[in-house]
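# Per-entry structural report
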Amino acid sequence: MDVTFISFGLKHGIEKDIDMMVDCRSLPNPYYIDDLREKTGLHEDNVKFFNEHPETKVFLDKTVDYLTYHLEAMQKSGRPAYKIGVICTGGHHRSTYVANYLANYFKDSYNVTLFHRDCEELNK
């Protein structure tokens with residue numbers, strides 16, 4: 001099954017044609033730290049920031065558990081493709097970090113595509 005993870009910010013509108021959304025807005029936001037604001041969620045300083053917060057691990061573990069169950073069910077139903085939107089407010093920090101994590105986690109089980117709608121420099 002093809003699984004696409006699309007990160008985006010809600011303030012820029014909802015992505016069309018997605019099957020599910022994972023909301024990351026409960027995670028700590030590096031946007032409010034001057035030294036981290038201009039860096040994406042994949043920059044090593046922001047990755048360190050996320051990894052230092054225990055709630056990030058809890059969020060990722062619970063999300064992976066649910067998606068593991070759900071994607072298996074979708075695949076068994078014969079679904080050829082599934083699109084998961086990963087959202088935060090602006091689409092540059094939390095959603096990019098989580099979408100990247102999920103894409104890496106599931107890449108050995110599915111044909112995974114990762115796209116950062118509101119942070120296009122990460123798509124290169």
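Residues numbered from 1 in each chain as written. Predicted model: local features only at pLDDT ≥ 70, side-chain atom pairs only at ≥ 80, totals over all residues. Heavy atoms only, no water.

Another point: helix 4 (residues 94–106). Taking 1.5 Å of rise per residue, 13 residues should cover 18 Å, and helix 4 covers 18 Å from first to last C-alpha, within 8% of that figure. For helix 4, every residue scored as buried is listed here: R94, S95, T96, Y97, V98, A99, L102, A103 and F106. The inward-facing, buried residues of helix 4 contact strand 1 (2–9), helix 2 (44–51), helix 3 (54–76), strand 3 (81–88) and strand 4 (111–116). (Helix = DSSP H or I, 4+ residues; strand = E, 2+ residues; numbered from the N terminus. Expected span 1.5 Å × (residues − 1). Buried < 20%, exposed > 50% of the residue type's maximum accessible area, 1.4 Å probe, protein only. Contact = heavy atoms within 4.5 Å.)

According to the stated counting rule, one finds 6 aromatic pairs in the structure shown. Consider the rings of F5 and F106, whose centres lie 6.3 Å apart with planes at 25 degrees: the pair is stacked. Remark: F106 occurs in helix 4 and F5 occurs in strand 1; sequence separation between them is 101 residues. Side by side, F5 and F106 carry an identical accessibility label, which is buried. Ring centres of F50 and Y97 lie 4.5 Å apart, and the angle between their planes is 25 degrees; on these two criteria the pair is classed as stacked. Note that F50 is positioned in helix 2 and Y97 in helix 4, a separation of 47 residues in sequence. Note on accessibility: F50 and Y97 belong to one class, buried. One Lys or Arg, R37, reaches over the ring of Y31 and ends 4.6 Å from the middle of that ring. (Phe/Tyr/Trp six-rings, centres within 6.5 Å; stacked < 30°, edge-to-face > 60°. Lys NZ or Arg CZ within 6 Å of the ring centre and 35° of its normal.)

For the rest of this paragraph, the subject is the side chain of N29. By the element assignment, N29 lies in the loop between strand 2 (20–23) and helix 1 (34–37). With residues up to four places along the chain from it excluded, the contact list for N29 reads F49, H93 and R94.

Three or more residues of helix 2 are buried, namely N46, F49 and F50. An end-on view of helix 2 places all buried positions within 95 degrees of arc, on one side of the element. Residues of helix 2 that are exposed and angled more than 90 degrees away from the buried face: E44, K48 and N51. Residues of helix 2 that are buried make contact with helix 1, helix 3 and helix 4. (Arc of directions from axis to C-beta.)

With that settled, consider the environment of V47. Mapped onto the elements, V47 comes out in helix 2. Note: C-alpha distance between V47 and T89 (42 residues apart in sequence) is 18 Å.

Buried residues dominate strand 1, accounting for 7 of its 8 residues. Strand direction decides the pairing type here: strand 1 and strand 3, joined by 8 bridges, are parallel. Bridged to F5 within strand 3 is I84. In this structure, strand 1 lies alongside strand 4, joined through 6 bridges in parallel fashion. Bridge pairing in strand 4 places I6 opposite F115. (Pairing = 2+ DSSP bridges.)

Across the interface, helix 3 lies against helix 4 with an axial gap of 11 Å and an inter-helix angle of 50 degrees. In this view, helix 3 runs oblique relative to helix 4, as classed from their interaxial angle. Helix-helix and strand crossings are classified by hand; for helix 3 and helix 4 the assignment is right-handed. Within the contact between the two elements, helix 3 uses T56, F59, L60, T63, V64, L67, T68 and L71 and helix 4 uses Y97, V98, Y101, L102, Y105 and F106. (Axes fitted to C-alpha atoms, helices over the stretch in contact; angles between N-to-C directions. Parallel < 35°, antiparallel > 145°, perpendicular 65-115°, else oblique. Left-handed = near helix turned anticlockwise from the far one by under 90°.)

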